[in-house]
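As a plain string of letters, each chain reads:
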Amino acid sequence: MMKVLLFISLIFFLIGCSSAPEKELQYKENDYFLRICEVKGRQGVSTDGDNIYISGTKELYKYDMKGKLLVENLSPFKNINLEVNHLGDIDLHKEEIYTCIEKFTEGRGDNFVIGIYNKNDLSLVRTIIPGKNSPQKEISGIAVDPERKLIWMTDWTDGKSIYYYDLATGDYIGRIILKKELFYLQGIVVHKNYLLLTADDGDAENEVSDNLYAIKINMFADVISTPIHLKEFEDVKREGEIEGITINRKNGELIVLFNRGAKIIKGIPKGFYPGYDKEIHEIYFYKNIGQLPED
Ligand SMILES: [Ca+2]
Ligand SMILES: [Ca+2]
């Protein structure tokens, strides 16, 4: 009997191992890494500490803090009168979700819209068209900055600039130019006097990890800022695409969205890595954002 049970367990073990080549997760001594939660969207994340909001490329989802799906909006572009097909990273402000929407084709963006949704039912409330005089070429992530009354947006095609707009009108105000260029910016969130940025700069082909950076906010137009490297995400189950980022203001936790399993070369899907038949989207929870220099 015992031998039969051992044999069955071995079969299950082998099936489990062959399903996905996952690394053992590194639990740090200080419990810096907390937990993972699988979600349905591949782009953005935000939280008010009561719920977690996720954007897919063409969807919005609302979860409870334990990862139970509560509400979804599978047609978020309905009532937007421009041709669009892509949502990026998202942010929350008061009772609303701020999203950056565009028509993304062949590595570039057009028809930029800031879509603002009700956080209870995920319905579209209104839109803002960001200043047309902005030199920004693509909008991959959005962060609301209530203190400075700004909207910050990243550009996946330009890791040298972070652009900012008037929170109420969407008028283009300026950009921060980075002293050291970053690559493939995906997510952005405001933390005190810093912007935290996720960069999909690791190479999934060679299992090189993606990174988190911070830059100091300076309110003068066209200023230069030096990125501070905050974290290399070696603790993901498999290297893939880093995406959105948020901070739970209630407890200081850092939450980052990652995609794994899909082979994506220069933004174009090329099938799956061995052991995967679909792309998996997960949010990783960390105890805090890590070490920033004192202001
Ligand atoms: Ca993205
Ligand atoms: Ca990557």
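Calculation notes
- Residues numbered from 1 in each chain as written.
- Chains lettered and ligands numbered in written order.
- Predicted model: local features only at pLDDT ≥ 70, side-chain atom pairs only at ≥ 80, totals over all residues.
- Heavy atoms only, no water.
- Pairing = 2+ DSSP bridges.
- Helix = DSSP H or I, 4+ residues; strand = E, 2+ residues; numbered from the N terminus.
- Axes fitted to C-alpha atoms, helices over the stretch in contact; angles between N-to-C directions.
- Donors = N, O, S within 2.8 Å, 3.2 Å for Na, K, Ca; no water.
- Buried < 20%, exposed > 50% of the residue type's maximum accessible area, 1.4 Å probe, protein only.
- 1 Å grid on protein atoms, 1.4 Å probe; cavity = no way out; pocket = protein on both sides within 12 Å on 5 of 7 lines; lining within 4 Å.
- Points joined across faces, edges and corners; volume = space filled by probe spheres on them.
- Nonpolar A, V, L, I, M, F, W, Y, C, P; charged D, E, K, R; others polar.
- Polar contact = N/O pair within 3.5 Å; in protein donor to acceptor, adjacent residues only side chain to side chain.
- Contact = heavy atoms within 4.5 Å.

S.K.: Would you explain the sheet that holds strand 2 (residues 44–47) in this entry?
M.R.: Backbone-to-backbone hydrogen bonds pair the strands of a sheet. The strands run either parallel or antiparallel. Taken in spatial order, the four strands make up an open sheet running 2-3-4-5, and their pairing is antiparallel. Both edges of this open sheet fall to strand 2 and strand 5 (69–73), since each of them pairs with a single strand only. Neighbour-to-neighbour, the strand axes of the sheet open up by a mean angle of 20°, direction not taken into account. The pairing of strand 4 (residues 60–64) with strand 5 spans four bridges and is antiparallel. Within the sheet, the bridge partner assigned to Tyr 63 lies in strand 5 and is Leu 69.

S.K.: Teacher, can you tell me more about the sheet that holds strand 20 (residues 254–260) here?
M.R.: As summarised here, the arrangement of the four strands in space is 1-23-20-19, forming an open sheet in which the pairing is antiparallel. Edge strands, defined here as strands with exactly one partner in the open sheet, are strand 1 (33–39) and strand 19 (241–247). Within this sheet the neighbouring strands show an average axis-to-axis angle of 25°, counted without direction. Sheet topology note: the strand 20/strand 23 (residues 280–286) ladder contains seven bridges and is antiparallel. Pairing of Val 256 across the sheet is with Tyr 284, part of strand 23.

S.K.: Explanation requested: the coordination of the calcium ion (ligand 2) in the structure shown.
M.R.: Working reference: metal with six octahedral donors, ideal angles 90 or 180 degrees; metal with four tetrahedral donors, ideal angle 109.5 degrees. Surrounding the calcium ion (ligand 2) are the protein donor atoms Asp 200 (OD), Gly 202 (O), Asp 210 (OD), Asp 210 (OD) and Gly 240 (O), which sit 2.2 to 2.9 Å from the metal. The motif formed by the donor residues of the calcium ion (ligand 2), counted along the single chain, is D-x1-G-x7-D-x29-G. One end of the pair, Asp 200, is in the loop between strand 15 (194–199) and strand 16 (211–216); the other, Gly 240, is in the loop between strand 18 (228–232) and strand 19, with 40 residues separating them in the sequence. Using a relative accessible area of 12% as the deciding quantity, one classes Asp 200 as buried.

S.K.: It is not clear to me how the coordination of the calcium ion (ligand 1) should be interpreted in this structure. Could you clarify?
M.R.: Coordination of the calcium ion (ligand 1) by the protein involves Gln 43 (OE1), Gln 186 (OE1) and Glu 243 (OE), with metal-donor separations of 2.2 to 2.3 Å. Donor residues binding the calcium ion (ligand 1) come from one chain and are separated in sequence as Q-x142-Q-x56-E. Remark: Glu 243 occurs in strand 19 and Gln 43 occurs in the loop between strand 1 and strand 2; sequence separation between them is 200 residues. The class for Gln 43 is buried, based on a relative accessible area of 4%.

S.K.: Explain the layout of surface pockets here, please?
M.R.: To find the voids left in a structure, one rolls a probe of water-molecule size over its atoms. Within this model, the largest pocket holds a volume of roughly 480 Å³. In terms of lining, the largest pocket is formed by 25 residues, of which the most central are Arg 42, Gln 43, His 86, Phe 104 and Gly 267. When residues of the lining of the largest pocket are traced back to their parent elements, those giving at least two are strand 7 (96–105), strand 19, strand 21 (262–265) and strand 22 (268–272). With four residues, the single largest contributor to the lining of the largest pocket is strand 22. Tallied by class, residues from the lining of the largest pocket come to seven nonpolar, ten polar and eight charged.

S.K.: Sorry if this is basic, but what is going on with the side chain of Arg 42 here?
M.R.: Within the secondary structure, Arg 42 sits in the loop between strand 1 and strand 2. Reaching out from Arg 42, the side chain makes a polar contact with the side chain of Glu 241 at a distance of 2.4 Å. A distance of 2.9 Å separates polar atoms of two side chains, one belonging to Arg 42 and the other to Glu 279. Those residues within four positions of Arg 42 in sequence are excluded, and the remaining contacts are Ser 55, Gly 56, Thr 57, Glu 241, Glu 243, Leu 257, Asn 259, Ile 264, Glu 279 and His 281.

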